[in-house]
Amino acid sequence: MAEPAGSFPAGRGMIRTAMGIVGQNLRTAVGQRALPTILTWTVNFRCNARCGMCDSWKKTGEGELDTQQMLSIVEKLPKSITAARLTGGEPFLRNDLERIALALDRHLDLDLIHITTNGFLTGRITGFLSEYGRKLSAPVQILVSLDGLEDLHNEIRGQPFAFRTALDTIGQIAAHRNEWGVKIAVNQTVVDERGIRQYDALHELLGELNVPHHVVVAYAESATYSTEASQDLSPVSSGTFRTANPIDPDLFRSFMDKVEADTRELPWSNGVAKAYYLKGIRNRVLHGRGVPNPSCAALGGHMRIFPNGDVPTCQFNSKVVGNLHTTDFDTCWNSAQALAGRAWVEKCPGCWAECEVLPSAILGGDFLMHRFRKEISA
C-alpha cells in the first residue's frame, strides 16, 4: 500500500532554529542524543478522507488520548522544543485541537506551529484560525493538501467533495491570512503521472490566490500509517526511493525542471529548503544516488509522538521507544529502547521523506551548506 509523502515547513522560524544550533555536533556517541528541538505530533489517526495511498483512515483510533491526557503530555515536553507540527489523520477532527495548540504555545517558546490538513472541515479550520491565529504567540502555518484538479483529487482522497471543500478552505484562509496572522501553503502529493500532468493548471489556480504551491512525491510505504504495528520499512540504501506508482523518467525529469524553476518564486528560506528536497528526490528517482543525505535527527533533535502517547523511532520505523502518557520525558527519552533506537538510527542508510529529511537537514545545517556549495560551484 502506497503512503502519502509528508511535507515539512521551513520559514524564518525554522531558520532561527537552524542558526541557533549550526555548529553543534548533534550526532554524539551511540546512545546519546540532543534534546528534541522539533516536535511532530500525530494527534490522531482518524481521518475523513479515504485515500488509496494511505491506511491511516483504516486504523481504529483505539488508545487515542483524551484532552486532559494530551495536555498532561504537553506539560512533560522539554523547553528545548522550538517548532511543533500537528498532523494526523485529520487533526481538525479533534475538537480539542485549539486547547492542544494553546497549551503548546504557553508551555514552550515556539518559533512555529504548523498544522497539516486535508481542508474538508472548512468551518472548523477557519473558525480555529480566526479565533486563535493572533492569540497564539508563535506564528501559525497551515498546509492544505490538494493533489490535482477536481476529478483526480477526489479520486486520490476518496471523497466526491474533496476538491471543492479544500479549495473553499484555501480561498477563505488566503483572503483573511493577514487579518488572522497565519500563513498558508498547498501541498501537492504526486501519486502518479496524472498529478505531474496537472501540475501547471494547479499552479496557475493557486497563483491566482497567491498561495505557495509545494510538491512532494509519494513513496511506496511507510511504517507510521500502516495498520501493522512496530514495522521497520526503512530503505535498503541511501539512494533507494520507491515511488507509489511507476513514473516515466523523461516525464519526471522535465517535471523536476519545472518545479525547481517555480521554487525560485518562494521566499528565500522556503525556497532553499524545497530546493534541497527536490535535489534529493531527483537524484534518487532518476539516478539511484543518495545525495544529499543529512545526518538523521530522529530520536534526537526531532521527536515524534503518536495519538496514544507512544514515541516511535521515525517515519519508516514505528518501533516504540517509550510512552509520554505513562512515563515522564526523561524516563522515555533515556530508556533502553530509546538507546537501541538511536543505535538503529546511526546505522540507517537514510530515507527521503520530506517530514524526516528537512528536520534533519535544518538541525544539522546541511540544507544551508548545500545551498552554499551550490552557489560556490555555480
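Residues numbered from 1 in each chain as written. Predicted model: local features only at pLDDT ≥ 70, side-chain atom pairs only at ≥ 80, totals over all residues. Heavy atoms only, no water.

Q: Any chance you could explain the nonpolar core here in plain terms?
A: Across soluble globular proteins, you tend to see nonpolar side chains buried next to one another. In this structure, Trp41, Leu77, Leu104 and Met303 are the most contacted members of the largest nonpolar core, which totals 56 residues. No other element matches helix H6 (residues 162-180), which puts seven residues into this core. By size, the runner-up hydrophobic cluster in this structure holds 35 residues, among which are Val215, Ala273, Ala353 and Cys355. (Core = buried A, V, L, I, M, F, W, Y, C linked by side-chain atoms within 4.5 Å. Buried < 20%, exposed > 50% of the residue type's maximum accessible area, 1.4 Å probe, protein only. Helix = DSSP H or I, 4+ residues; strand = E, 2+ residues; numbered from the N terminus.)

Q: For this particular structure, what's the right way to read the side chain of Asn48?
A: Structurally, Asn48 can be placed in the loop between strand S1 (38-42) and helix H2 (67-76). By relative accessible area, Asn48 is classed as buried at 17%. Only 2.9 Å separates the side chain of Asn48 from the side chain of Asn118, close enough to count as a polar contact. Once residues within four sequence positions are removed from consideration, Asn48 is found in contact with Glu90, Leu93, Asn118, Phe120, Leu121 and Gln159. (Polar contact = N/O pair within 3.5 Å; in protein donor to acceptor, adjacent residues only side chain to side chain. Contact = heavy atoms within 4.5 Å.)

Q: Explanation requested: H2 in the structure shown.
A: An α-helical turn contains 3.6 residues, so a residue and the one three or four places further along point in the same direction. Along H2, the residues that are buried comprise Thr67, Met70, Leu71, Ile73 and Val74. All buried residues of H2 fall inside an arc of 155 degrees around its axis, so they share one side. Turned more than 90 degrees away from the buried face of H2 sit Gln68 and Glu75, all of them exposed. Where H2 is buried, its residues meet S1, helix H3 (97-107) and strand S7 (302-305). Two or three places before Gln68, at the start of H2, stands the capping residue Asp66, its side-chain oxygen 3.3 Å from that residue's backbone nitrogen. (Arc of directions from axis to C-beta.)

Q: Sorry if this is basic, but what is going on with the packing of helix H8 (residues 199-208) against helix H9 (residues 249-263) here?
A: The description of two packed helices rests on the angle between their axes and on the distance between the axes. Contact geometry for H8 and H9: axes closest at 12 Å, N-to-C directions at 15 degrees. Our classification of the angle between H8 and H9 gives roughly parallel. Handedness of the H8/H9 crossing: right-handed. Judged by residue contacts, Tyr199, Asp200 and His203 of H8 engage Phe255, Lys258, Val259 and Asp262 from H9. (Axes fitted to C-alpha atoms, helices over the stretch in contact; angles between N-to-C directions. Parallel < 35°, antiparallel > 145°, perpendicular 65-115°, else oblique. Left-handed = near helix turned anticlockwise from the far one by under 90°.)

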